[in-house]
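Analysis of the macromolecular model
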Amino acid sequence: MIREAKKEDLNDLLHLYLDLHEEKIPEYSPNLSKTWETILNDKNHHIILNEVDGILVSSCVCVIIPNLTRNARPYAFIENVVTHADYRGKGYATECLDYAREIAVGNHCYKMMLLTGSKKQSTLNFYAKAGYNSMDKTAFIQWLE
């Protein structure tokens, strides 16, 4: 079942992020709570969840970014695409990305973008099969401390 995150989903989502790149679940703190509330209250920030039998198996984030170019049409940025290791290869992340596309289309976005840190060909093939290409843009990242 595809849906957007609710307040009570935080713990399960943080556990799922261990399959993304996190090494441990962050300690609950005022900053974590404030960040979670900010995300949940932002109409442009969508955390998409895919559940199977009540278990969170896949997720992605879709942020709608207002824009002054392209006739003031926004664009969507996709981040934190993850599927629990035990559930990979079954289409769950694709369902999340499809839902994100529906959100983007519903918000009249002119494009969707995502970045991946993976160099694995299977991951790159997955994104290509989902309709993304790596030919139109070049990404540069500056990591901040």
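Overview of the structure. Numbers given to residues run from 1 along each chain, matching the order in which its sequence is written. Under the rules for a predicted model, residues below a pLDDT of 70 receive no local features and side-chain atom pairs below 80 are neither given nor counted, while totals for whole chains, interfaces and linings still include all residues. Note that water and hydrogens are dropped before the side-chain values are worked out from all heavy atoms of the structure.

Another aspect to go through is the packing of aromatic side chains. Aromatic rings from Phe, Tyr and Trp, taking only the six-membered ring of Trp, are treated as a pair when their centres fall within 6.5 Å; an angle between ring planes under 30 degrees marks them as stacked, one over 60 as edge-to-face, and anything in between as tilted. Throughout the structure, instances matching the rule amount to three aromatic pairs. Ring geometry for Tyr 75 and Tyr 110: centres 6.4 Å apart, planes at 75°, overall edge-to-face. Taken together, the residues span a long stretch of sequence, with Tyr 75 in strand 4 (residues 75–83) and Tyr 110 in the loop between helix 3 (92–106) and strand 5 (112–114) at a distance of 35 residues. Per-residue accessibility, obtained with a 1.4 Å probe over protein chains only, is compared with the maximum for each type, and a residue is labelled buried under 20%, exposed over 50%, and partly exposed between these values. A residue is classified by how much of its surface remains accessible, and Tyr 110, at 25% relative accessible area, is partly exposed. The ring centre of Tyr 75 lies 5.4 Å from the NZ or CZ of Lys 111, which sits over that ring. Helix and strand assignments follow DSSP, with helices taken as H or I runs no shorter than four residues and strands as E runs no shorter than two, numbered in order from the N terminus. A ring is considered to have a charge above it if a Lys NZ or an Arg CZ atom is located within 6 Å of its centre and within 35 degrees of its normal.

It is worth spelling out the pairing of strand 4 at this point. The rule for pairing is simple: two strands pair if DSSP sees at least two bridges between them. Bridge count for strand 3 (residues 55–65) against strand 4 is seven bridges, and the pairing is antiparallel. In the strand pairing of strand 4, Cys 62 is matched with Ile 78. The sheet contact formed by strand 4 and strand 5 spans three bridges and is parallel. Note on strand 5: the bridge partner recorded for Phe 77 is Met 113. Convention used here: a crossover is right-handed provided that the path from the first strand, over the helix, to the second strand proceeds clockwise when the strands point away from the viewer. Of the crossover connections in this fold, the one passing from strand 4 over helix 3 to the parallel strand 5 is right-handed.

Turning our eyes to something else, we now look at helix 2 (residues 30–41). For helix 2, which comprises twelve residues, the first-to-last C-alpha distance of 16 Å matches the rise-based estimate of 16 Å (1.5 Å per residue) to within 8%. Check the buried side of helix 2 and you find it contacts helix 1 (10–16) and strand 2 (45–52). By this rule the span expected of a helix is its residue count minus one, scaled by 1.5 Å. In what follows, a contact means two residues having at least one pair of non-hydrogen atoms within 4.5 Å.

A separate point is the pairing of strand 3. Of all eleven residues in strand 3, eight are buried, a share of seventy percent or more. For strand 2 and strand 3, the ladder comprises eight bridges, and the chain directions are antiparallel. When the sheet's bridge partners are listed, Val 52 is paired in strand 3 with Ile 55. From the end of strand 2 to the start of strand 3, which pair antiparallel, there are two residues, and Asp 53 there has a positive phi angle of about 50°.

Everything listed here is a matter of coordinates, which is why it stays silent on function.
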